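# Residue-level structural notes
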Amino acid sequence: MKIICIGRNYSEHIKELGNEVPEEPVVFLKPDSAILRNNETFYIPEFTNEVHYELELVIKINQPGKYIEKQFAHKYYDEIGLGVDFTARDIQQKLKEKGLPWEKAKGFNGSAPISNFVPKTEYPDLQNLTFNLLVNGETKQVGHTAQMIHTIDEIVVYVSKYFMLKIGDLIFTGTPSGVGKVNAGDTLQAYLEDKKMMQFLIK
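Here goes a summary of the coordinates provided. Everything quoted here is computed from the prediction, not taken from an experiment. (Residues numbered from 1 in each chain as written. Predicted model: local features only at pLDDT ≥ 70, side-chain atom pairs only at ≥ 80, totals over all residues. Heavy atoms only, no water.)

Turning our eyes to something else, we now look at unusual backbone geometry. A positive phi angle, near 60 degrees, is found at Asn-39, a position not held by glycine. Along the polypeptide, Asn-39 turns up in the loop between strand S3 (35-36) and strand S4 (51-53). Residue classification places Asn-39 among the partly exposed positions, given a relative accessible area of 41%. Even without a glycine there, the phi angle at Asn-136 is positive, about 55 degrees. You can see Asn-136 is positioned in the loop between strand S10 (130-135) and strand S11 (138-144). (Helix = DSSP H or I, 4+ residues; strand = E, 2+ residues; numbered from the N terminus. Buried < 20%, exposed > 50% of the residue type's maximum accessible area, 1.4 Å probe, protein only.)

Here we have four strands laid out as an open sheet, ordered S11-S10-S14-S15, and antiparallel in their pairing. Bordering the open sheet on either side are S11 and strand S15 (195-201), each of which pairs with just one other strand. Here the strands of the sheet are splayed against their neighbours by 15 degrees on average, with no regard to which way each runs. Where S10 and S11 come together, six bridges link them in antiparallel fashion. Bridging from a neighbouring strand, Asn-132 pairs with Val-142 of S11. (Pairing = 2+ DSSP bridges. Axes fitted to C-alpha atoms, helices over the stretch in contact; angles between N-to-C directions.)

Time to look at the packing of aromatic side chains. Using the criterion set out here, one finds seven aromatic pairs in the structure. Note on Tyr-10 and Phe-131: the rings are 6.5 Å apart at their centroids and 75 degrees apart in plane angle, and the pair reads as edge-to-face. In this pair, Tyr-10 sits in the loop between strand S1 (3-7) and helix H1 (11-17) while Phe-131 sits in strand S10, placing the two residues 121 residues apart along the sequence. Per residue, the accessibility class of Tyr-10 equals that of Phe-131, and both read buried. Three or more aromatic residues link up through ring pairs in this structure, and these residues are Phe-42, Phe-47, Phe-86, Phe-108 and Phe-200. Sitting over the face of the ring of Tyr-77, Lys-120 holds its NZ or CZ atom 4.2 Å from the ring centroid. (Phe/Tyr/Trp six-rings, centres within 6.5 Å; stacked < 30°, edge-to-face > 60°. Lys NZ or Arg CZ within 6 Å of the ring centre and 35° of its normal.)

This brings us to the nonpolar core. The biggest cluster of nonpolar side chains holds 47 residues, and the ones touching the most others in it are Ile-80, Leu-82, Phe-86, Ile-171, Leu-188 and Leu-192. In terms of residue count, helix H4 (residues 152-160) provides more of this core than any other element does, five residues in total. If you look at the next biggest cluster of nonpolar residues, it comprises 13 residues, including Cys-5, Ile-35, Val-58 and Phe-172. (Core = buried A, V, L, I, M, F, W, Y, C linked by side-chain atoms within 4.5 Å.)

On to the pairing of S10. The element S10 is largely enclosed, with a buried count of five among its six residues. Connecting the antiparallel pair S10 and S11 is a turn made up of two residues, with Asn-136 showing a positive phi of about 55 degrees. Relative to strand S14 (residues 187-192), S10 runs antiparallel, the two sharing five bridges. In the strand pairing of S14, Asn-132 is matched with Tyr-191.

What follows is the structure, encoded as structure tokens:
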């Protein structure tokens, strides 16, 4: 099982980090050791002073596929959930300045908390979904899938050109604006529409 992440897929998030709008999806990977399930506590690593939350809609692949055509992309996932792409922003910045890969900043242990997944059929239009993140009860991120630069199906098509998708693979589809630092003692809550999907503690 692999975790495929899409960066810079919401224009307001691109602006807040001072990045350029990409011509095609930005792709990076996290190892399966990054996953946290069942609202497990997230422990801030000792090697960073600036871990940022990035809430994202996540899809779960349900059948193998590569070089998928857009008209068939929707058949390769039938469940959706939420995930947090924790990022060691200070480490990432140093790596970017040197032109080095991001893995140490993105793929460290526990950097991908995920919710349970729900059937996509519960929602009539996946490109018309709202999701949000609260930190200590205060709303910090509000995302709407209509604001994606690349739609879910477009992402499936694109990544399948480079990586064969397998059953159980997860695709993080990008984060909206409002990212910020977490601190020990914080409680994070994530909602898909009005459904609470996650609640966990930071230590």
